[in-house]
Amino acid sequence: MRRKIFKIIKWLVIVILILCCMGITWNYFCKRREIPKIQAAYGKAVKVNGKKMTVEIAGLQAEETPVIVLLPGLGSPSPVLEFRPLAEELGKTCKVITMEPFGYGLSDPADTERSIENIVEELHACLEKIGVRRYYLMVHSISGLYSLYYANTYPEEVRGFIGIDSSVPKQNENEPFDTTKLNLLMAYLSKTKNVLGISRIFSIGNPEKAIYADQNYSYSQEDLEVFRILSLDTSYNKTVMNELKQVENNLKIVRNMKFPKEVPVLNFVSKDNCEIFPEWEKLHKSVMGDNQESELITLTGGHYLHFEQKEMIVDLTCKFAR
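On a predicted model such as this, the values are computed, not experimentally measured, just so you know.

S.K.: Sorry, what's going on with the sheet that holds strand β8 (residues 295-299) here?
M.R.: Pairing between the strands of a sheet comes from backbone hydrogen bonds, and it takes one of two forms, parallel or antiparallel. Strand order in the open sheet formed by 8 strands is β1-β2-β4-β3-β5-β6-β7-β8, and the pairing between neighbours is mixed. The open sheet terminates on both sides in strands that have one partner only, identified here as β1 (44-48) and β8. The mean inter-strand angle of the sheet, taken between neighbouring strand axes irrespective of direction, is 25 degrees. Relative to β1, helix α3 (residues 116-129) is tilted by about 115 degrees, and along the sheet it contacts β1, β2 (51-59), β3 (67-71), β4 (95-100) and β5 (135-140). Across the sheet, helix α12 (residues 310-320) lies against β3, β5, β6 (158-164), β7 (265-270) and β8, angled at about 165 degrees from β7, the strand it touches most.

S.K.: When you look at the pattern of salt bridges in this model, what are you seeing that I'm missing?
M.R.: Where charged atoms from two side chains of opposite charge approach closely, those side chains can pair. On inspection of all chains with the given rule, the structure shows 13 salt bridges. Close ionic contact of Lys285 with Glu281 constitutes a salt bridge, the shortest N to O distance being 3.4 Å. Of this pair, Lys285 and Glu281 both sit in helix α10 (residues 280-286), 4 residues apart, which is roughly one turn of that helix. Looking at Glu281, the relative accessible area reads 29%, which means it is partly exposed. Residue Lys319 is joined to Asp315 by a salt bridge in which the shortest nitrogen-to-oxygen separation is 3.4 Å.

S.K.: How should I be thinking about the pairing of β4 in this particular structure?
M.R.: It is a general feature of regular strands that their side chains alternate between the two faces of the sheet. Counting buried positions along β4 yields 6 of 6 residues, so the element is predominantly enclosed. Direction of pairing for β2 relative to β4: antiparallel, over a ladder of 6 bridges. Following the sheet pairing, Ala58 is matched in β4 by Val96. Direction of pairing for β3 relative to β4: parallel, over a ladder of 4 bridges. The residue of β4 that forms the bridge with Val67 is Lys95. With helix α2 (residues 79-90) bridging β3 and the parallel β4, this β-α-β connection has right-handed handedness.

S.K.: Would you mind showing me how to read the state of the cysteines here?
M.R.: Inspection of the entire model under this criterion finds 0 disulfides. No disulfide involves Cys318; its nearest neighbouring cysteine sulfur is the one of Cys94, lying 4.6 Å away.

S.K.: What should I look at first to understand the packing of α2 against helix α7 (residues 221-233) in this one?
M.R.: When two helices pack together, their arrangement is captured by the angle between the axes and the distance separating the axes. Interhelical geometry of α2 versus α7 gives an angle of 140 degrees and a closest axis separation of 9 Å. As summarised for this structure, α2 and α7 are arranged oblique, according to the angle between their axes. On the side of α2, the interface is formed by Leu81, Glu82 and Arg84, while α7 contributes Asp223, Val226 and Phe227. Each residue belonging to the contact of α2 with α7 can be placed in one class, and the counts come to 3 nonpolar, no polar and 3 charged.

S.K.: Can you walk me through the pairing of β5 in this structure?
M.R.: Where burial is concerned, most of β5 is hidden: 6 out of the 6 residues are buried. Here β5 shows no split at all, with Tyr135, Leu137 and Val139 on one side and Tyr136, Met138 and His140 on the other all buried. The sheet contact formed by β3 and β5 spans 4 bridges and is parallel. Within the sheet, the bridge partner assigned to Val69 lies in β5 and is Leu137. Bridge analysis of β5 against β6 gives 6 bridges, and the strand direction is parallel.

S.K.: Which parts of the structure should I look at to understand the packing of aromatic side chains?
M.R.: As enumerated under the stated definition, the model contains 10 aromatic pairs in all. Plain terms: the ring middles of Tyr217 and Tyr219 are 4.7 Å apart, the flat faces sit at 80 degrees to each other, and that makes the pair edge-to-face. On the basis of relative accessibility, which here comes to 11%, the residue Tyr219 falls in the buried class. Cluster of aromatic residues (ring-pair linked, three or more members): Tyr135, Tyr150 and Tyr154.

S.K.: Just to check I follow, could you spell out the side chain of Asn250 for this structure?
M.R.: Within the element layout of this structure, Asn250 appears in helix α8 (residues 238-253). A polar atom in the side chain of Asn250 sits 2.8 Å from the backbone nitrogen of Ile116. Apart from residues no more than four positions distant in its own chain, Asn250 is found in contact with Arg114, Ser115, Ile116 and Tyr146.

What counts as what
Residues numbered from 1 in each chain as written. Predicted model: local features only at pLDDT ≥ 70, side-chain atom pairs only at ≥ 80, totals over all residues. Heavy atoms only, no water. Pairing = 2+ DSSP bridges. Helix = DSSP H or I, 4+ residues; strand = E, 2+ residues; numbered from the N terminus. Axes fitted to C-alpha atoms, helices over the stretch in contact; angles between N-to-C directions. Contact = heavy atoms within 4.5 Å. Salt bridge = Lys/Arg side-chain N within 4 Å of Asp/Glu carboxyl O. Buried < 20%, exposed > 50% of the residue type's maximum accessible area, 1.4 Å probe, protein only. Right-handed = clockwise from strand over helix to strand, strands pointing away. Disulfide = S-S within 2.5 Å. Parallel < 35°, antiparallel > 145°, perpendicular 65-115°, else oblique. Nonpolar A, V, L, I, M, F, W, Y, C, P; charged D, E, K, R; others polar. Phe/Tyr/Trp six-rings, centres within 6.5 Å; stacked < 30°, edge-to-face > 60°. Polar contact = N/O pair within 3.5 Å; in protein donor to acceptor, adjacent residues only side chain to side chain.

Next up, the structure:
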């Protein structure tokens, strides 16, 4: 009986290994075929430190128009496409620049460590290249840390900060579980699914299965296909994985920072996250500095408030960025 069970297990393992090899091979050749097709799918390529960084500029272009710079959460496969519904609405009253840091979307991967200093220097160099001197930073998730460092490094350029459930210093110190390690584990699991071709199988004939986006926005079929390819073929690349591993060090660097007094802050905070993490609202208040125009607003919804509360965020942002 034991020999029979062992034989069954052995053949199951062999079958699983064969299927894994087939999935990896299929996924590899699909990736080789797809990536070249989308290199110029959107945006403008800006040379930064000899590499391509992609930005998309939308909205009003008059010189006196307020400029909003959009920065993504960690691992966003296509910041330009993720933020496009928000950028279109903001663009009715503002100039909107969506940035794809190295390793994101159509931007090149980075050779340097994803330290907060390197990331901020690269973003700043890109904005200098396109001639943007004064702007509001509007960010989601991990970019909150980078923007805090950015605003303290270039306070004369940052007119204000708008956070969409942004990351904050000390967020990892009183959590009920270690979200940094959990995020790294989830990234490896997602990367494994992509490499094995599992995610690709579920996306056949239905690209929405491969992406996480604003369900109320009507993406074109071309945009959905680009979004799908980037989600399957470039997500959790070496640059993004390095950034994940640098999160704890980057948190230490900004641990005692606040926004400068001359930089007003508009913080949109997820009610769901406030219920999960009791310190979430308090931590966001603690970094807002002493500017009298600063405000914290708790909105019903999860981490992706720019999907769930887009109209409210746009309305309040346009009043703030003037």
